[in-house]
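# Structural overview
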Amino acid sequence: MGCDRNCGLIAGAVIGAVLAVFGGILMPVGDMLIERTIKKEVVLEEGTIAYQNWVKTGTEVYRQFWIYDVQNPQEVVTNSSKIKVKQRGPYTYRVRYLAKRNITHDPENHTVSFLQPNEAIFEPSLSAGTENDTWTVLNLAVAAAPHLYPNTFVQVVLNSLIKKSKSSMFQKRTVKELLWGYKDPFLSLVPYPISTTVGVFFPYNNTADGVYTVFSGKDNINQVAIIDTYKGKKSIYAVFGAEINLKGIPVYRFVLPSMAFASPLQNPDNHCFCTETVISNNCTSYGVLDIGRCKEGKPVYISLPHFLHSSPDIAEPIEGLNPNEDEHSTYLDVEPITGFTLRFAKRLQINILVKPAKKIEALKGLKRNYIVPILWLNETGTIGDEKAEMFRKRVTGKINLLGLVEITLLSVGVVMFVAFMISYCACRSKKVK
């Protein structure tokens, strides 16, 4: 009888040890098996679930615009006063709903290249007004004229055309005109062939953005769909910010660091964006990037909304700005196992450099340089509730279940082993006595 009891206790201890060992082995092996299964479906190659959803995303992507409405245009033109602005909006459009085009795969570098067709549909229910709302904004053509044509004689000619068209430094435009284009009265008088349509995003509809090159994730699942280059140039990077929960899914938040808009003294990679030594105080100012080379020489600068993370001299000539980290920063929420971006917010501000021009009456009263904010945008997308539920079931649910099984086996096994070994030792001790 004593032998049967001892044998039973030893058998229980052995079973507990086996369960504990199995639970321990299941941790790395199970994780590896699930990762392999997931990896097969999340890489960007034909036939995978990820590829089907990536070519034409089912997630609704919206682009919101806030327009800077100038409150004191005459004071600025006459006295070179600070520009007082009020933001108006949002005006919301649905974008990025068309399937990607010209998709090519590079198996050697594990990348995929494509074009993103551009189309924008106005969403009245998500907007503060209509596309016909009219605001006072910078006159894009007049502001750019002295930059594009620095020759004194040419500026005299342009000045006569500006006066004839009754144009000034500022103008009233509808939201639709400012964003997508309007026939400019001043440019329409220029006696040689030039484009007379002006707009912050003109042309947009029926065009394509790119070429984008993204990682397929074939060699590194954590890089899937991450942009490698845009139009052949390296993309802006993001850094880890925090771990948060999105609709029951643990995600890593990556944010655009302030160093992305730093001066060349702080970030040497930005040296090519410093083209105006006077404007940039010998390349010491920060928070704005000159992208004029990408815009046919037009004096276009980008920044974060409300000049967030900009040096004080940039925002000093502008009143009415209220930079806020939560509302104006750019971020990506990435699921760490699949590398999928489940939520993002891309926020940028479009600005135009305006300088005094003695030969152009609309600008000759200025006594300082201005980097004038035109508008800021928030392009955002979030995984829908149905897709989030599917993601939880197919990915995080399986991982959580596996984790629960691993912990249960390990815990039960350890408890059984310890309990039966203690009982065995106790029985042996009584037998010896």
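Residues numbered from 1 in each chain as written. Predicted model: local features only at pLDDT ≥ 70, side-chain atom pairs only at ≥ 80, totals over all residues. Heavy atoms only, no water.

### Side note on the overall build of the protein
When you go through the protein residue by residue, the secondary structure sums to 10 helices and 20 strands. Put simply, the protein has 433 residues, and 45% of those count as buried. Counting every atom, the protein has about 22,500 Å² of accessible surface; 58% of that belongs to carbon and sulfur. (Helix = DSSP H or I, 4+ residues; strand = E, 2+ residues; numbered from the N terminus. Buried < 20%, exposed > 50% of the residue type's maximum accessible area, 1.4 Å probe, protein only. Areas by Shrake-Rupley, 256 points an atom, 1.4 Å probe, with all protein chains shown as cover.)

### What to know about the pairing of strand β13 (residues 239–246)
Relative to strand β14 (residues 249–255), β13 runs antiparallel, the two sharing 7 bridges. Looking at the pairing, Phe-240 lines up with Phe-254 of β14. What sits between β13 and β14 in their antiparallel hairpin is a turn of 2 residues, with Lys-247 showing a positive phi close to 50 degrees. (Pairing = 2+ DSSP bridges.)

### Looking at the nonpolar core
Grouped together as the largest cluster of nonpolar side chains are 70 residues, with contacts concentrated most on Ile-83, Tyr-93, Leu-138, Met-169, Phe-186, Val-354 and Leu-375. At 7 residues, the largest contribution of residues to this core is made by strand β20 (residues 370–382). When sequence neighbours within four positions are dropped, the list of residues in contact with Leu-138 reads Ala-143, Met-169, Phe-170, Gln-171, Ile-352, Val-354, Val-372 and Ile-374. Within the second largest apolar cluster, 12 residues are counted, among which are Val-42, Val-55, Tyr-212 and Val-214. (Core = buried A, V, L, I, M, F, W, Y, C linked by side-chain atoms within 4.5 Å. Contact = heavy atoms within 4.5 Å.)

### Let's talk about the sheet that holds strand β3 (residues 101–106)
With antiparallel pairing, the 5 strands of this open sheet are ordered in space as β3-β4-β10-β11-β12. In this open sheet, the two strands that pair with only one neighbour each are β3 and β12 (233–234). Sheet topology note: the β3/strand β4 (residues 111–118) ladder contains 4 bridges and is antiparallel. If you follow Asp-106 over to β4, its bridge partner there is Thr-111.

### Focus on the pairing of strand β6 (residues 134–138)
For β6, the tally of buried residues reaches 4 of 5 residues, placing the bulk of the element in the interior. For β6 and strand β7 (residues 170–174), the ladder comprises 5 bridges, and the chain directions are antiparallel. The residue of β7 that forms the bridge with Thr-136 is Lys-172.

### What about the pattern of salt bridges?
All told, the structure shown has 13 salt bridges when counted by the stated rule. Its salt-bridge partner being Glu-316, residue Lys-82 comes within 3.5 Å of it at the nearest N-O pair. Taken together, the residues Lys-82 in the loop between α3 (73–79) and β2 (83–95) and Glu-316 in the loop between α7 (312–315) and β17 (318–319) connect sequence positions 234 residues apart. The class of Glu-316 is partly exposed, set by a relative accessible area of 39%. Note that Glu-379 is salt-bridged to Lys-346, the shortest N-O span being 3.9 Å. One end of the pair, Glu-379, is in strand β20; the other, Lys-346, is in strand β19 (residues 341–354), with 33 residues separating them in the sequence. (Salt bridge = Lys/Arg side-chain N within 4 Å of Asp/Glu carboxyl O.)

### What about the side chain of Ser-165?
Position of Ser-165 relative to the elements: it lies in the loop between α5 (152–164) and β7. For Ser-165, a relative accessible area of 16% translates into the label buried. One polar contact links the side chain of Ser-165 to the main-chain carbonyl oxygen of Ile-162, over a distance of 2.9 Å. Separated by 2.8 Å, the side chains of Ser-165 and Ser-167 make a polar contact. Apart from residues no more than four positions distant in its own chain, Ser-165 is found in contact with Pro-185, Phe-186 and Leu-189. (Polar contact = N/O pair within 3.5 Å; in protein donor to acceptor, adjacent residues only side chain to side chain.)

### Some words on unusual backbone geometry
Excluding glycine, a negative phi dihedral is what most residues carry, and trans is how most peptide bonds are arranged. The omega torsion across Gly-89 and Pro-90 is 10 degrees, close enough to zero to call that bond cis. By the element assignment, Pro-90 lies in strand β2. Along the chain, Phe-202 connects to Pro-203 via a cis peptide bond; the corresponding omega equals -10 degrees. Secondary-structure assignment places Pro-203 in the loop between β9 (197–198) and β10 (207–215). Phi at Lys-166 takes a positive value of approximately 60 degrees, unusual for a residue other than glycine. On the secondary structure map, Lys-166 appears in the loop between α5 and β7.

### A look at α5
The α-helix winds at 3.6 residues per turn, so residues separated by three or four positions along the chain end up facing the same way. Taking 1.5 Å as the rise per residue, α5 with 13 residues should run 18 Å; its terminal C-alpha atoms sit 19 Å apart, in good agreement. Turning to α5, its buried residues are Gln-155, Leu-158, Asn-159, Leu-161 and Ile-162. Down the axis of α5, the buried set is contained in an arc of 165 degrees. They therefore lie on one face. Facing away from the buried side of α5 by over 90 degrees, the exposed positions are Phe-153 and Lys-164. Where α5 is buried, its residues meet α4 (140–148) and α9 (361–364). Looking one or two places after α5, you find Lys-166, whose phi comes out positive at around 60 degrees. (Expected span 1.5 Å × (residues − 1). Arc of directions from axis to C-beta.)

### Some remarks on a nonpolar patch on the surface
A contiguous nonpolar patch, built from Tyr-237, Val-239 and Met-259 and spanning about 240 Å² of accessible area, is present on the exposed surface. Of note, Tyr-237 is situated in the loop between β12 and β13. The exposure class of Tyr-237 is partly exposed, given its relative accessible area of 42%. (Patch = residues over 30% accessible without salt bridge, like charges linked within 9 Å, V, L, I, M, F, W, Y side chains within 5 Å.)

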